[in-house]
Amino acid sequence: MEKKEAPKSSLDALVSLCKRRGFIFQSSEVYGGFAGFWDYGPLGCELKRNIKESWWRFTVRDREDVEGLDASIIMHPAIWKASGHLDTFSDPMSMCKGNCRKLMRADQIWDVFGDSAIKAALEPMLGDAGKIATWCKGKGKAVAPGLYTVQHPEYLEAIFETLKGVTDVKALFVLLATPPGEPEALPCPNCGGVMTEPRPFNLMFKTVVGPVDDPSNVAYLRPETAQAIFAEFPNVMVSARQMPPFGIGQVGKSFRNEVTPRNYIFRSREFEQMELEFFIKPDEAVELLCGHVAPLTPETDLSEPQADWGWECWHKYWVEQRKLWLVRNGLPADSFVEYWQKPDELAHYARACVDIEYRFPFGTQELEGIAARSDFDLSRHQEHSGKSMEVFDEPLKLAVKRLSDDEKAAFRAKTVAAWEARGKTAEAANIFLDRLFEGKYIPHVIEPSAGVDRMALAMLCNAYEEQKLVDDKGREDVRTVLHLAPAIAPVKVAVFPLVKNRPELYALARDIFKRLQRRYNCFWDETGAIGRRYRRQDEIGTPFCVTVDFDTLEKDGTVTLRDRDTMQQERISVDDLIRKLDDLILG
RNA sequence: GCGGGUGUAGCUCAAUGGCAGAGCUCCAGCCUUCCAAGCUGGCUACGAGGGUUCGAUUCCCUUCACCCGCUCCA
């Protein structure tokens, strides 16, 4: 049997298979489709469900330090104010229609212009039409490639006289940027191109809560599941009797009004996330409790969480856990890359962020991210809601009590210095320390956040193979196989009667099917030749096919179990089959 | 949002200003003792709207969707 050396799927072949076999359909197809939305068919919804269940078991249920949550999709709009999602995108925005496509707040265009290379170039030339014309035909091509007079220097003649009289750099810029006959427009300060009319721009979907369609009733569909976890942090911690380090996991839909949904289900407007917010003690608390914070080195044993771990160990731990999950679910370690964001790429609140990127056919793209977000989110919610997000840690208070005044002063001095080195104020550090010495702190958070849909896509891409086979008679044939991990495969086992026109054989196969069906998602197929039935299952990734034949009926009751990947068969009793499947599916 | 391309059956693709065709799939039947066998029969399509025309799947316009490139991705 040839092994999978064949080039990875072109996405087209996979898209076609997914539609033909009922994995994924375009939303609202009978009405011409609806960009950015997808429907999962009979097999697709099983696949997605399996991915989510595997994540949930691994992240929540198999652990004692993670709790689950299923929060509402529409929440108090103040949540998005606190998180910063609302401010960033609620202002009118203009986009450059020229080369650079920059998107910026309409009221800030002139501010940006004030610092721009274009302004610096134009200002000294004010009133000198000849110089300006020369610039447009020369250096301007590099500085302002989108400027109308740079692209159409012949127009300079028509405005040559006007140019002489312009004494204001903004007016000059507008004149050079405006095509003849067009109304004067604000040009792009970055490239000189024409900007779109300012439009309200919000990547959150808006809706109205209550029957009255009034701006005061506006609410938003959540653009991420994380904020609900932060908002419910105190409730979950208290009701579940947890203390940091512990996490809250959630799987659910999120919505983003993406500018360009593309690459099949990779970026859609409605999508599903699997997010864990893992709350940890600040490093300072760990140090007070343990006397030190474990350093993260290549030798650090990350298999079991330890009390002396600081955020670095915890962050790395979750990176490793996530990779372990990916590999267990069928994505080989060499199919994805781990990208550690550089310090200048990090959001201001993040201390570290790792993207796990999968090699999709359309490029290497983010599959999930594991961010160390400090106490940013909980602090913001404490600030905006007025409700405490602090944890009271009695052992910490006792540990502080045991310190002498000198030791406390030394700890304070060391901490203040460390905070100042990170660009924070001594005042902030002292406020934090005052609370910490009382045993109180806002937890920090490690956030592994994965997209269900892109996970499904990665697993499908990885699983897809077109195998060239040659049969006994030398005939060539192509076998399409999805090598999905058994735990992820939509159908676990298919049951066939070898022939359907022998009533006893048929009835026995039905019995076996019914028995298996109580445990797994099974498939019954009695039509067509047996080989065709195997191939149908190969194409949807069913790991096992069970055929009931005359030996089952007349000899020992064993069935044949056929393996999807090797196409090999073995005879096995139904009880052994169940044991084997339990083992493969439950891990 | 811009530029280029594409929309015909479940899938992959033809042809055509005048009855829209194939292969595969699917369904029914016959046959069938393990890898897409064979035979017979069957279902199913011109993305949507408007215009030109005696007549439009074909030409034109608009729109929707998809693909490629730019852009965006808090």
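Conventions and cut-offs
Residues numbered from 1 in each chain as written. Chains lettered and ligands numbered in written order. Predicted model: local features only at pLDDT ≥ 70, side-chain atom pairs only at ≥ 80, totals over all residues. Heavy atoms only, no water. Helix = DSSP H or I, 4+ residues; strand = E, 2+ residues; numbered from the N terminus. Buried < 20%, exposed > 50% of the residue type's maximum accessible area, 1.4 Å probe, protein only. Contact = heavy atoms within 4.5 Å. Areas by Shrake-Rupley, 256 points an atom, 1.4 Å probe, with all protein chains shown as cover. Lys, Arg positive; Asp, Glu negative; His and termini not counted. Charge placed at Lys NZ, Arg CZ, Asp CG, Glu CD. Phe/Tyr/Trp six-rings, centres within 6.5 Å; stacked < 30°, edge-to-face > 60°. pLDDT = per-residue confidence, 0-100. Pairing = 2+ DSSP bridges. Axes fitted to C-alpha atoms, helices over the stretch in contact; angles between N-to-C directions. Near = heavy atom within 4 Å. Polar contact = N/O pair within 3.5 Å; in protein donor to acceptor, adjacent residues only side chain to side chain. Nonpolar A, V, L, I, M, F, W, Y, C, P; charged D, E, K, R; others polar. Expected span 1.5 Å × (residues − 1). Arc of directions from axis to C-beta.

A.B. asks: Break down the overall build of chain A for me, citing the residues and quoting the values.
C.D. replies: A tally of helices and strands in chain A yields 24 helices and 24 strands. The principal-axis extents of the C-alpha atoms in chain A amount to approximately 105 × 80 × 55 Å. Taken over 587 residues, chain A has a buried fraction of 47%. Contacts spanning at least 24 positions in sequence make up 65% of the contacts within chain A whose residues lie at least 6 apart. Carbon and sulfur atoms make up 51% of the accessible area of chain A, which amounts to about 28,800 Å² in all. Here chain A holds 77 positive side-chain charges and 90 negative ones, and the gap between their average locations is 4 Å.

A.B. asks: Tell me about the environment of Q26, and name the residues and values.
C.D. replies: With respect to the secondary-structure elements, Q26 resides in strand β1 (residues 24–26). Separated by ten residues in the primary sequence, Q26 and G36 have C-alpha atoms spaced 8.8 Å apart. Not counting residues up to four positions away in its chain, the partners in contact with Q26 are G33, F34, F37, W38 and D39.

A.B. asks: Go over unusual backbone geometry with me, naming the residues and quoting the values.
C.D. replies: With an omega of 5 degrees, the peptide bond between P244 and P245 qualifies as cis. Looking at the element boundaries, P245 is found in the loop between α13 (233–239) and β10 (246–255). The phi torsion at R241 lies on the positive side, around 55 degrees, for a residue other than glycine. Within the secondary structure, R241 is located in the loop between α13 and β10. Here R241 falls in the exposed class, since its relative accessible area comes to 77%. One non-glycine residue with positive phi stands out, namely N263, at about 60 degrees. Mapped onto the elements of the fold, N263 is located in the loop between β10 and β11 (270–280).

A.B. asks: Could you give me a rundown of the packing of aromatic side chains, with the residues and numbers involved?
C.D. replies: Any aromatic ring pair is given by two values, namely how distant the centres are and how the planes are angled relative to each other. Per the stated rule, a full pass over the model turns up 25 aromatic pairs. Judged by centre distance (4.5 Å) and plane angle (45 degrees), the rings of F233 and F279 are tilted. Remark: F279 occurs in strand β11 and F233 occurs in helix α13; sequence separation between them is 46 residues. Judged by relative accessible area, F279 falls into the buried class, the value being 0%. Arranged with centres 4.9 Å apart and planes meeting at 75 degrees, the rings of Y358 and F360 form a pair that is edge-to-face. Both residues of the pair, Y358 and F360, belong to the buried class. Three or more aromatic residues joined by ring pairs form one cluster here, namely F278, W309, W314, Y317 and W318.

A.B. asks: How would you sum up the confidence of the model for chain A? Please name residues and give values.
C.D. replies: Per-residue confidence for chain A gives a mean pLDDT of 88; residues scoring 70 or more make up 92%. Note that residues 1–9 has pLDDT below 50 and, in this model, 16 contacts with residues that lie over four places away or in other chains. Here the predicted complex carries an ipTM of 0.90, next to a pTM of 0.85.

A.B. asks: Let's hear about the sheet that holds β11: which residues, and what values?
C.D. replies: If you trace the seven strands from one edge of the open sheet to the other, you get β3-β10-β11-β17-β14-β13-β12, paired in mixed fashion. Each of the sheet's edge strands pairs with one partner strand only, and the pair in question is β3 (66–69) and β12 (336–340). This sheet shows a mean twist of 25 degrees between the axes of neighbouring strands, independent of strand direction. Where β11 and strand β17 (residues 444–451) come together, six bridges link them in antiparallel fashion. If you follow E275 over to β17, its bridge partner there is S449. Sitting on the sheet, helix α15 (residues 311–328) is in contact with β11, β12, β13 (352–360), β14 (363–372) and β17, with an inclination near 140 degrees to β14.

A.B. asks: I'd like a rundown of the protein's contact with RNA strand B, residues and numbers included.
C.D. replies: Around RNA strand B sit 41 residues in total, of which K19, R267, Y534, R536 and Q569 are the nearest. Interatomic distance of 2.7 Å between a side-chain N/O atom of Q26 and a sugar or linking oxygen of RNA strand B. Within the side chain of Q569, an N or O atom sits 2.7 Å from a base oxygen of RNA strand B. Contributions of two or more residues to the surface near RNA strand B are made by α1 (11–20), α4 (85–89), β19 (476–482), α22 (530–540) and β23 (559–563). The greatest single-element share of the surface near RNA strand B, amounting to six residues, is contributed by α22. Taken together, the residues that form the surface near RNA strand B break down as 15 nonpolar, 13 polar and 13 charged.

A.B. asks: Now, about the pairing of β10: what can you tell me, with residues and values included?
C.D. replies: In terms of burial, β10 is a largely internal element, nine of the ten residues being buried. As paired strands, β3 and β10 are joined by four bridges and run parallel to one another. Its bridge partner lying in β10, G68 is registered against G249. For β10 and β11, the ladder comprises ten bridges, and the chain directions are antiparallel. Across the sheet, Q250 pairs through a bridge with E275, a residue of β11.

A.B. asks: So what about helix α18 (residues 405–421)? Which residues, and what values?
C.D. replies: Relative to the 24 Å expected for 17 residues at 1.5 Å per residue, α18 spans 24 Å between its end C-alpha atoms, a close match to the ideal helical length. Those residues of α18 that sit buried are F411, T415, V416 and W419. For α18, the arc enclosing every buried residue in end-on projection is 130 degrees, short of the 170-degree limit, so these residues lie on one face. Opposite the buried face of α18, at more than 90 degrees from it, the exposed residues are D406 and A421. Close packing links the buried residues of α18 with α14 (283–290) and α19 (426–437). Downstream of α18 by a residue or two, G423 has a phi angle that is positive, lying close to 90 degrees.

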